[in-house]
Amino acid sequence: MLGLSRNDFLLLLFVLVLVAAAPIFLNPFPEGSEFAQFNAGYPDLMQRFVIFGIFAIGFNILFGLTGYLSFGHAAFLGAGSYAGVWMLKLLTINVIPAIVVSTIVAGIFSVIIGYISLRRSGIYFSILTLAFAQMSFALAASVLTPITGGETGLQTALHDPRILDGASDGAGNIPAPSLFGLEMKQSWQVNVGDWLWTFNVGYYLSAFVLLIAFYIAIRIFRSPFGMMLKAVKSNNQRLSYTGISPRPYTLAAFVISGMYAGLAGGLMVAMDPLAGAERMQWTASGEVVLMTILGGVGTLVGPVLGAGLIKYFENIFSKINDNLLHQWFAFMPDGIEDFMVTIIHPFVGKGWHLTLGLMFMLVVVFLPGGLVGGLSGLYRRVFQRRSKAQ
Amino acid sequence: MELSAFLLQVLNGLDKGSAYALIALGLTLIFGTLGVVNFAHGALFMIGAFCAVTLQKILTHSFITLDETKTDFLGKPLKVKTPYVEEWFGQVAGQAIIDWAVPLAILFAIPVMLLIGFAMERGLIKHFYKRPHADQILVTFGLAIVLQEIIKAYFGANQIPVPAPEAFIGSLDFGTLIGFDPGVIIYPYWRVVYFIFAMIIIAAVFAFLQFTTFGMVVRAGMADRETVGLLGIDIDKRFTIMFGIAAAVAGLAGVMYTPINPPNYHMGMDFLVISFVVVVVGGMGSLGGAVLAGFILGILESFASMREVIEFIPGINQVVIYLAAIVILLARPRGLLGRKGVMES
């Protein structure tokens with residue numbers, strides 16, 4: 001169906017159910033209960049899940065298929081964000097032009113950077129992309145202030161032209177980004193028993209885009225073009241010997257993944273019309289690498305899981321504080337309680353980066369295939385044992 | 001441009017260039033011997049800097065006595081803090097020791113960094129020789145985050161100032177030494193010290209590799225690891241020691257850099273990105289190239305931060321290193337002094 005094999009269609013269906021029902025199953029704990037703060041089903045966080053999911057899917061098309069490790073993908077996300085905010089400022093508060101233009105601008109950016117960087121491979125390629133991204137970051141934060149807003153960032157303002165629909169909404173406020181009048185931040189809350197589910201417009205728009213992005217990624221993975229990219233990864237030299245230049249293929253993969261990053265940037269400003277230079281910094285590029293690795297490089301659904309997991313940890317782990325820990329271990333004798341809290345303290349709250357770093361190291365050391373690779377390995381082992389028993 | 005202004009910029013570039021050169025040297029040593037791309041090297045530089053902080057904290061560790069002759073503003077006897085070192089060695093000697101905390105930290109940092117280096121190599125890096133470079137980058141990147149966060153948990157997120165010894169505070173009027181008017185070329189003493197220190201370390205590393213039997217074996221191992229192994233030499237052990245030495249070089253660079261730039265937990269990452277650019281510009285695997293590129297890029301950066309240049313090309317000071325890296329990598333794919341066949345699979 002849809003030009004997909006049965007397994008791929010089921011995978012797409014799985015992701016569809018996953019994102020459609022996310023507001024429900026990400027809120028497993030009743031409102032007001034002790035664990036309610038572990039609920040991830042609020043719009044802001046869910047939007048980030050899917051937006052970074054798109055970013056990671058795109059990154060995976062480059063890194064997972066061709067093996068080229070780019071350390072500068074945040075530059076495309078940043079460029080897309082700026083382009084998106086400018087569309088919201090100049091043209092219309094409708095998010096569609098913003099998202100489309102961010103994707104195109106990031107695409108143009110990645111053609112230029114990719115054309116130059118792809119002349120080298122291996123670590124040289126990584127350093128070249130890193131250099132370009134750091135340059136974009138430094139310029140955006142300093143000299144390009146008229147375009148990028150410098151360190152304060154770029155945002156919509158009351159005196160923007162917005163030629164299509166006027167500078168302000170009826171009440172004289174800055175209009176909020178919307179889709180043909182349906183505001184992105186609008187949500188419906190449903191109470192079921194003790195549970196509270198929030199259905200947000202912006203989230204479902206992002207989720208819809210994620211599904212399209214995911215579908216395109218599946219098609220790329222299964223296409224002859226995708227095979228070519230895998231050939232680049234497994235043996236670049238042999239590919240050249242067969243008389244095929246790998247350059248156009250890698251460049252196409254680079255541009256596609258750059259456009260995915262721009263799309264993510266566009267969605268980000270559609271949710272919150274604000275773009276800052278720090279989005280381009282190399283730590284942001286590092287983050288998307290982490291997401292892809294954690295989920296599973298070269299797998300279809302891995303990057304989405306990785307993005308969700310990292311963003312979840314970032315939000316939830318950093319919220320845990322000592323008081324909460326004391327509450328949890330209150331059932332233990334005082335000495336042991338304090339001991340447990342002291343041990344766990346460095347890993348949560350402000351120290352959640354430590355957990356992230358450790359988790360990341362463990363995945364690289366023990367699960368080179370990421371979570372998806374590990375799970376499928378486990379599945380295969382269990383399955384094979386059962387078939388042997390028969 | 002006047003000659004004096006030119007010289008001043010060259011001098012200004014030297015201290016940053018020294019730091020780049022030292023870190024890049026260590027990176028290249030690790031890459032050349034073990035074939036591992038170590039993204040945690042910036043963290044080693046940072047840990048070195050925090051060795052100086054730790055030693056200073058230990059030396060100024062004090063006990064409190066009550067001075068009955070003086071009173072504080074509440075009328076109670078004044079509390080006087082006396083560092084233990086002053087108690088043990090007498091006031092003059094004790095204060096001198098505290099004053100010279102940074103140079104003393106060199107002695108403290110060498111064993112610490114060697115140990116950290118050995119532990120890192122045996123505990124983690126060893127298992128990554130046969131894995132792809134991407135995996136090595138990723139696992140050391142994770143390690144860098146972990147080290148950084150541990151330091152942050154202990155020392156906090158703020159910069160911690162560590163002063164240079166009093167003898168080196170102030171500036172050298174370098175211009176008068178070579179016949180310029182006084183006050184034209186002024187250069188802080190500590191930066192002179194840093195540059196000389198860096199030169200000594202670099203010379204020592206090169207001499208160690210060039211003139212000792214151990215160094216000869218290591219160089220042979222860099223050229224052809226397998227054959228050296230076949231000759232019955234335990235090359236792995238020697239490479240582990242080289243990893244420790246590379247860690248110590250980065251650590252010492254960090255120790256001595258503290259008076260120039262108060263250390264904080266993310267200084268390693270800031271330097272790491274540039275150091276990788278330096279290594280690649282110098283030519284992956286070339287020790288001389290790393291040192292050369294370190295100084296060239298440091299000086300280039302200082303020229304680009306001149307007011308005249310910034311007025312001419314705004315923002316150039318922010319991007320000049322990356323720009324130089326892009327130009328050099330496209331014009332000379334293997335970097336300045338790179339050899340054929342390194343990292344080109």
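Residues numbered from 1 in each chain as written. Chains lettered and ligands numbered in written order. Predicted model: local features only at pLDDT ≥ 70, side-chain atom pairs only at ≥ 80, totals over all residues. Heavy atoms only, no water.

Asks: I'd like a description of the interface of chain A and chain B, backed by residues and values.
Replies: On the side of chain B, 37 residues touch chain A, which itself brings 35 residues to the contact. Of all residues in chain A, A:I123, A:Y124 and A:W282 give up the largest surface area on contact with chain B, accounting jointly for 21% of the area buried on that side. Those elements that provide at least two residues to the side of chain A that touches chain B are α6 (122-141), α12 (282-295) and α16 (352-366) of chain A. The dominant element in the side of chain A that touches chain B, judged by the number of residues it contributes, is α6(A), at 11 residues. Class assignment of the residues belonging to the side of chain A that touches chain B gives a composition of 26 nonpolar, 6 polar and 3 charged. (Contact = heavy atoms within 4.5 Å. Buried area = accessible area lost by both parts, 1.4 Å probe. Helix = DSSP H or I, 4+ residues; strand = E, 2+ residues; numbered from the N terminus. Nonpolar A, V, L, I, M, F, W, Y, C, P; charged D, E, K, R; others polar.)

Asks: So what about the pattern of salt bridges? Which residues, and what values?
Replies: Residues and elements named next belong to chain A. Under the defined criterion, the tally for this structure stands at 9 salt bridges over all chains. R48 is paired through a salt bridge with D44; the nearest N and O atoms lie 2.5 Å apart. On the criterion of helical spacing, the pair formed by R48 and D44 is a turn pair, its members being 4 residues apart in helix α3 (residues 43-66). Beyond isolated ion pairs, a larger network of salt bridges with shared partners links E287, K311 and E314. (Salt bridge = Lys/Arg side-chain N within 4 Å of Asp/Glu carboxyl O.)

Asks: Before we move on, can you summarise the environment of A:F63 with the specific residues and values?
Replies: You can see A:F63 is positioned in helix α3. Since its relative accessible area comes to 6%, A:F63 is described here as buried. Linking A:F63 and A:S257, residues 194 residues apart in sequence, is a C-alpha distance of 9.2 Å. The residues touching A:F63, leaving out its near neighbours within four places in the chain, are A:Y68, A:L69, A:K233, A:I293, A:V297 and B:A134. (Buried < 20%, exposed > 50% of the residue type's maximum accessible area, 1.4 Å probe, protein only.)

Asks: Now, about the pairing of strand β5 (residues 195-200) of chain A: what can you tell me, with residues and values included?
Replies: Residues and elements named next belong to chain A. Of all 6 residues making up β5, 5 are buried, and the element is well covered by its neighbours. As defined by bridge partners, strand β4 (residues 187-192) adjoins β5 across 6 bridges and the pair is classed as antiparallel. Bridge pairing links W188 to F199 in β5. Between β4 and β5, which follow one another and run antiparallel, lie 2 residues, and G193 among them has a positive phi close to 60 degrees. (Pairing = 2+ DSSP bridges.)

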